[in-house]
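# Structure at a glance
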Amino acid sequence: KEWGFGRWTALLLGLWSWLLVEEKKIQEANAIEKQSLEKWAVEIMNGNVRELWKQRKESDFSDFEWCHDLRISAKKLRYGLECLEEFLPIRETKQLLVHLELLQEDLGRIQDGYCSKEWLTQLLDAKSHKDMYREAGLLTGWLMRDALRANQDASEEWERVLKRLKKWLKYVEG
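Report follows, based on the coordinates. (Residues numbered from 1 in each chain as written. Predicted model: local features only at pLDDT ≥ 70, side-chain atom pairs only at ≥ 80, totals over all residues. Heavy atoms only, no water.)

### Remarks on a negative patch on the surface
Together, Glu58, Asp60, Asp63, Glu65 and Asp69 make up a negatively charged patch on the protein surface. Inspection of the secondary structure assignment puts Glu65 in helix 2 (residues 64-84). (Patch = residues over 30% accessible without salt bridge, like charges linked within 9 Å, V, L, I, M, F, W, Y side chains within 5 Å. Areas by Shrake-Rupley, 256 points an atom, 1.4 Å probe, with all protein chains shown as cover. Salt bridge = Lys/Arg side-chain N within 4 Å of Asp/Glu carboxyl O. Lys, Arg positive; Asp, Glu negative; His and termini not counted. Charge placed at Lys NZ, Arg CZ, Asp CG, Glu CD. Helix = DSSP H or I, 4+ residues; strand = E, 2+ residues; numbered from the N terminus.)

### Here's the deal with the packing of aromatic side chains
Under the defined criterion, the tally for this structure stands at three aromatic pairs. On the basis of an interplanar angle of 55° and a centroid distance of 5.5 Å, the ring pair of Phe64 and Tyr114 is categorised as tilted. With Phe64 in helix 2 and Tyr114 in helix 3 (residues 92-123), the pair connects residues that are 50 residues apart, well separated along the chain. Relative to Trp158, the ring of Trp66 lies with its centre 6.1 Å away and its plane at 80°, an arrangement referred to as edge-to-face. (Phe/Tyr/Trp six-rings, centres within 6.5 Å; stacked < 30°, edge-to-face > 60°.)

### Concerning the environment of Lys170
The residue Lys170 is located in helix 4 (residues 130-173) in this model. Considered as a pair, Lys170 and Trp16 are 154 residues apart in the sequence and their alpha carbons are 45 Å apart.

### Side note on helix 2
The end-to-end C-alpha separation of helix 2 is 30 Å, in line with the 30 Å expected for 21 residues at 1.5 Å each. Residues Trp66, Cys67, Leu70, Ser73, Ala74, Leu77, Arg78, Gly80, Leu81 and Leu84 constitute the buried set of helix 2. The buried residues of helix 2 occupy an angular sector of 165° when the element is viewed end-on, so they sit on one face. One side-chain oxygen at the N-terminal end of helix 2 lies 3.1 Å from the backbone nitrogen of Glu65; it belongs to Asp63. (Expected span 1.5 Å × (residues − 1). Buried < 20%, exposed > 50% of the residue type's maximum accessible area, 1.4 Å probe, protein only. Arc of directions from axis to C-beta. Polar contact = N/O pair within 3.5 Å; in protein donor to acceptor, adjacent residues only side chain to side chain.)

### Comments concerning the nonpolar core
Formed by 30 residues in total, the largest nonpolar core has its most connected members in Leu52, Phe61, Leu77, Leu81, Trp158 and Leu165. Elements with a contribution of two residues or more to this core: helix 1 (9-54), helix 2, helix 3 and helix 4. Ranked by the residues each element gives to this core, the list is headed by helix 4, at eight residues. Ignoring sequence-local partners within four residues, the contact set of Leu165 consists of Val49, Leu52, Trp53, Leu77 and Leu96. (Core = buried A, V, L, I, M, F, W, Y, C linked by side-chain atoms within 4.5 Å. Contact = heavy atoms within 4.5 Å.)

### Quick word on a nonpolar patch on the surface
A contiguous nonpolar patch, built from Leu13, Leu15, Trp16, Trp18 and Leu19 and spanning about 550 Å² of accessible area, is present on the exposed surface. Note that Leu15 resides in helix 1. Its relative accessible area of 41% is what places Leu15 among the partly exposed residues.

Given below as structure tokens:
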């Protein structure tokens, strides 16, 4: 009966008002925390972005060592971006991730071609049967053909990655 006569109305309205104010304070605190996380994530990733960006000056997909270093830098940036993606306010992050993965795949194909050729050469010796030489030659040719295709693909993908990195740096630098 007491509920029907409004005895609790003031108390309940006061409680709801307090809850709304507290909810707003919590949302503001979360926004500040999120801004701090965004700033931290951008700072952390900016170092990796700059490391990859520096490699643009040396672009030489015929240099196996450079390709290997580029692949490691791309992998490092990609995995970092994936881990911190939810805190990164940069719109380009998703597109950059897509292109980094494609670049990594292409660079992996280049590495597979060169490493497999070396491995097969070491595997064969003077006592190997002539059919082994033939099979190794066919396999090496196929792998090198794929590596050459990957070389062209990686070069094109690298240009796309550089475009995204430039946008990232422009955003960070304001």
